[in-house]
Amino acid sequence: MRKRLSLLVCLLLSIVLCAGCSKEPEQSTEPSLLLGFSQIGSESAWRIGNTRDIEESADKNGISLMLENANQKQENQIAAIRRFIAYKVDVIAFSPIVEDGWDNVLEEAKTAGIPVVLVDRDISTEKEGLTACLIGADFYKEGYMAGEYLVRKADSLNLEHVNIVEITGTTNSTPMRQRQAGFMDAIAGDERMNVMESIDGDFLKSRGAENMRYLLETYGGEIDAVYSHNDEMTLGALPEIEKAGFIPGKDMIIISIDGGQEAIDVLKSGKINCVVECTPKLGNVLMETALKLKSGEAVEGVIHPEEQVFSDEMDTSKIAPRGY
Ligand code: GZL
């Protein structure tokens, strides 16, 4: 009897032990990485699309994302980066609202040993090694393509002069600086081109409308072309042009940048002549880069997405849905 009992106990023990050792290791539900991201705000369809894409990409990659919206204030971005440092995130990423004023907080991130990725916009600094990578559009090329379109349009319309007004993005932001530089270089040397005034619209729809009202009061029918640094400001300007009795896309050549669905729909209606694409879909590349940085892999210094021009030179009915 005693023998049977000890056999039974051994049998039970071996079942328990085997069950323990054969158990599949727990699928780790630990996130692969903790990423702190400071987003500029929600000023445009582009920005909202960029935020959505980053959130979806983090989810897809199993990355834990701490995303803070700075509501268009640099001081809020600096405070968020300090919180990320205190929280000891693995990687910090942010879209700097303007290029200057980041040295101190980025020195703190460097001292803490946390790599920093620039998304969308760049910073200007004399210091080395504050950031690991810039993921964002080639804004100079966007501006240059906008200017090249205007030269072609002037040729096709046999215009002898092109009086231009420019509604710029946020002063001292990378897209504003480079979209302006690229555009001016593309039209330089073309005697027909005359930029009458450039005015800051801060990438906001309301400021686009306000600025267009002022430009129409000042120059009225002299305006042959409006170059706007983003769709939001363009969409704010168009009703003002119509209220003043002009037909946008016909009486005035309208050139915009971003390529969101709303602007593409207006392009299809003929009230915008050219929209240069600036994709907000930077999330996947950001996650890949952050994972490489965490594992100590080298990353490229600058990563530009491919971008195209949509205009009345093409069959706009074939433009696919934009997703932002
Ligand atoms: C461009 C981005 C700009 C968009 C605007 O990459 O920085 O900021 O063109 C947005 O719509 O406000």
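Going along each chain's sequence as written, the residues are numbered from 1 onward. Two thresholds apply to this predicted model, a pLDDT of at least 70 for residue-level local features and 80 or more for giving and counting side-chain atom pairs, whereas whole-chain, interface and lining totals are computed over all residues. Excluding hydrogens and water, the side-chain figures rest on all heavy atoms present in the structure.

## Structural notes on the nonpolar core
Inclusion rule: As used here, the term nonpolar core means buried Ala, Val, Leu, Ile, Met, Phe, Trp, Tyr and Cys residues forming a set that is joined through side-chain atoms within 4.5 Å. Remark: exposure states derive from per-residue accessible area (1.4 Å probe, protein chains only) relative to the maximum for the residue type, with buried under 20%, exposed over 50%, and partly exposed in between. Where each domain starts and ends follows an automatic or database-derived domain assignment. By the convention used here, residues are in contact when the closest approach between their heavy atoms is within 4.5 Å.
Membership of the largest hydrophobic core comes to 42 residues, with the highest contact counts inside it found for Val 117, Leu 150, Ile 164 and Leu 286. Per-domain counts for this core show at least three residues from each of domain 1 (34-137 + 280-306) and domain 2 (139-278). Excluding residues within four positions of it along the chain, Val 117 makes contact with Val 91, Ile 92, Ala 93, Phe 94, Cys 133, Ile 135, Leu 286, Thr 289 and Leu 293. Membership of the second largest hydrophobic core comes to 26 residues, among which are Val 165, Leu 215, Ile 254 and Ile 264.

## Regarding the site of the ligand
Stated formally: For this description, a residue counts as near a given molecule or strand if any of its non-hydrogen atoms is within 4 Å of it. We define a polar contact as two N or O atoms separated by no more than 3.5 Å, with the added condition that, inside protein, one atom must be a possible hydrogen donor and the other a possible acceptor, whereas residues neighbouring each other in sequence contribute only through side-chain atom pairs. Accessibility throughout is a Shrake-Rupley quantity obtained with a 1.4 Å probe, and a residue counts as covered only by protein chains that appear here. Whether a set of points on the 1 Å grid over the protein atoms alone is a cavity depends on a 1.4 Å probe fitting there but being unable to get out, while an open set qualifies as a pocket with protein on both sides within 12 Å along at least five of seven lines; lining residues are those with an atom within 4 Å of a point. Assignment to a cavity or pocket requires that more than half of a molecule's atoms be within 2 Å of the site's grid points. Helix numbers and strand numbers start at the N terminus; a helix is a DSSP run of H or I with at least 4 residues, a strand a run of E with at least 2. The residue classification treats Ala, Val, Leu, Ile, Met, Phe, Trp, Tyr, Cys and Pro as nonpolar and Asp, Glu, Lys and Arg as charged. All others, Gly included, are polar.
Around the ligand lies a shell of 13 residues, among which Glu 43, Asp 120, Arg 121, Arg 179 and Asp 258 are the nearest. Here an oxygen atom of the ligand sits 2.3 Å away from a polar atom, N or O, in the side chain of Asp 120. Between the ligand and the protein, one listed contact pairs an oxygen atom with a side-chain N or O atom of Arg 179 at 2.8 Å. Out of a free accessible area of 310 Å², the ligand has 100% covered by protein chains. Of all the cavities here, the one that holds the ligand is the largest cavity. Of all the secondary structure elements, the ones that give two or more residues to the shell around the ligand are α2 (45-60) and α6 (174-187). When its residues are assigned to classes, the shell around the ligand shows five nonpolar, two polar and six charged.

## Considerations on the domain arrangement of the chain
To keep things clear, this is the line we draw: Throughout, buried area stands for the accessible area (probe radius 1.4 Å) lost by two parts on being put together, summed over both. The term salt bridge refers to a side-chain nitrogen of Lys or Arg lying within 4 Å of a carboxyl oxygen of Asp or Glu.
When the domains of the chain are assigned, the result is domain 1 (34-137 + 280-306) and domain 2 (139-278). Listed by partner, the interface residues are 15 residues for domain 1 and 16 residues for domain 2. Between domain 1 and domain 2, a total of about 1200 Å² is buried, with carbon and sulfur atoms accounting for 50% of that surface. For domain 1, the biggest contributors to the area lost against domain 2 are Glu 99, Arg 121 and Ala 137; these three give 39% of the whole. At the surface where domain 1 touches domain 2, the tally comes to two salt bridges.

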